[in-house]
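# Coordinates in review
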Amino acid sequence: EAGVAQSPRYKIIEKRQSVAFWCNPISGHATLYWYQQILGQGPKLLIQFQNNGVVDDSQLPKDRFSAERLKGVDSTLKIQPAKLEDSAVYLCASSLEGASGQYFGPGTRLTVT
Amino acid sequence: DAKTTQPNSMESNEEEPVHLPCNHSTISGTDYIHWYRQLPSQGPEYVIHGLTSNVNNRMASLAIAEDRKSSTLILHRATLRDAAVYYCILRPPYYNQGGKLIFGQGTELSVKP
């Protein structure tokens, strides 16, 4: 079974530029998550989708971050404009409903200079 | 949000059992106990979860105290590949905030050959 796919794996941009990350969840997983992990910290949930609807986006900085999951499968996370403090690993995860575990992709390491 | 307390770090010898403790005195009756681990430069990996009864899978065992205020993740025979940060997380049911995971600092496990 294929895991969660993410691209790109690495990205370096200058502050005030825009960037987008892509995620393809495990087939059949209705729930998709985006996390931000700053070096030395645990992952922090940014947004959670159930199919193509948003369940929780309370931690998403909506003035600069946006995410969509138009057909209930793939998802994109965008940052516009980027700040230095956005340097982090952005992780995508997916799960079946209920209490089941979440399955994470390898992440995208973003460096903002 | 219900909190967990874990030691910052632990050491183990290869091929010996490892018991990783977690305290969660404020757990509610509907919270699931989830464990994830994160190897260096990788996304978190689901390990195991439980509600009240002890659980076993191919990766580990989860022992849950009778009062549910603590739990222990047991790796039966540590290998060098088990060196990682282990996160103990209380996950509310899906109808409560979509069952979001809140990661703490975790326990960094090192395994000596």
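This report concerns the structure included in the present document. This one's a predicted model, so the numbers in the text were calculated from it and none came from an experiment.

Hydrogen bonding along the main chain pairs the strands of a sheet, whether they run parallel or antiparallel. Residue and element names in this part refer to chain B. The strand order across the open sheet built from four strands is 2-7-6-5, with neighbouring strands paired in antiparallel fashion. Strand pairing shows two members of the sheet lacking a second neighbour, strand 2 (18–23) and strand 5 (55–56), which therefore form its edges. In this sheet, strand 6 (residues 61–64) lies alongside strand 5 in antiparallel orientation, the contact comprising two bridges. By the bridge assignment, Val55 is partnered in strand 6 with Leu62.

Let's shift gears to the pattern of salt bridges. Side chains bearing opposite charge may pair, as long as their charged atoms lie close to each other. This model, assessed by the stated rule, comprises seven salt bridges over all chains. Between Arg64(A) and Asp86(A) there is a salt bridge, with the nearest N and O atoms lying 2.5 Å from each other. Of the two residues, Arg64(A) sits in the loop between strand 6 (53–56) and strand 7 (65–68) while Asp86(A) sits in the loop between strand 8 (75–79) and strand 9 (88–95), which places them 22 residues apart along the sequence. The exposure classification of Arg64(A) matches that of Asp86(A), with both residues buried. Three or more residues are tied together by salt bridges with common partners; here these are Arg37(B), Glu45(B) and Asp82(B).

All right, on to the interface of chain B and chain A then. Contacts between the two partners involve 18 residues from chain B and, on the opposite side, 25 residues from chain A. Interface area, chain B with chain A, both sides summed: about 1600 Å², of which 48% is carbon and sulfur. Three residues, Arg91(B), Tyr94(B) and Lys100(B), lead the burial of chain B against chain A; their summed loss comes to 32% of the area buried on that side. Joining chain B to chain A, the criterion identifies one salt bridge. Its salt-bridge partner being Lys100(B), residue Asp56(A) comes within 3.2 Å of it at the nearest N-O pair. Counting across the interface, chain B meets chain A through five residue pairs in polar contact (both at pLDDT 80 or more). Counting only elements with at least two residues in the side of chain B that touches chain A, the list comes to strand 3 (32–38), strand 4 (45–50) and strand 8 (84–91) of chain B. Sort the elements by how many residues they give to the side of chain B that touches chain A and strand 3 of chain B lands first, with four residues.

Before going further, it helps to examine the sheet that holds strand 8 of chain A. Residue and element names in this part refer to chain A. One open sheet accounts for four strands, arranged 1-3-8-7; its pairing is antiparallel. Where the open sheet ends on each side, the last strands, each with one partner, are strand 1 (5–7) and strand 7. This sheet shows a mean twist of 15° between the axes of neighbouring strands, independent of strand direction. When strand 7 meets strand 8, the two strands line up antiparallel, connected through four bridges.

All names here are of chain A. Of the two faces of strand 8, only one is covered, namely that formed by Ser75, Leu77 and Ile79; the face formed by Thr76 and Lys78 stays uncovered. Across five bridges, strand 3 (residues 19–24) lies against strand 8 in antiparallel orientation. Each bridged residue has a counterpart across the sheet, and for Val19 the counterpart in strand 8 is Ile79. Adjacent in sequence and paired antiparallel, strand 7 and strand 8 are bridged by six residues, among which Gly72 carries a positive phi angle near 75°.

What counts and how
Residues numbered from 1 in each chain as written. Chains lettered and ligands numbered in written order. Predicted model: local features only at pLDDT ≥ 70, side-chain atom pairs only at ≥ 80, totals over all residues. Heavy atoms only, no water. Pairing = 2+ DSSP bridges. Helix = DSSP H or I, 4+ residues; strand = E, 2+ residues; numbered from the N terminus. Salt bridge = Lys/Arg side-chain N within 4 Å of Asp/Glu carboxyl O. Buried < 20%, exposed > 50% of the residue type's maximum accessible area, 1.4 Å probe, protein only. Contact = heavy atoms within 4.5 Å. Buried area = accessible area lost by both parts, 1.4 Å probe. Polar contact = N/O pair within 3.5 Å; in protein donor to acceptor, adjacent residues only side chain to side chain. Axes fitted to C-alpha atoms, helices over the stretch in contact; angles between N-to-C directions.

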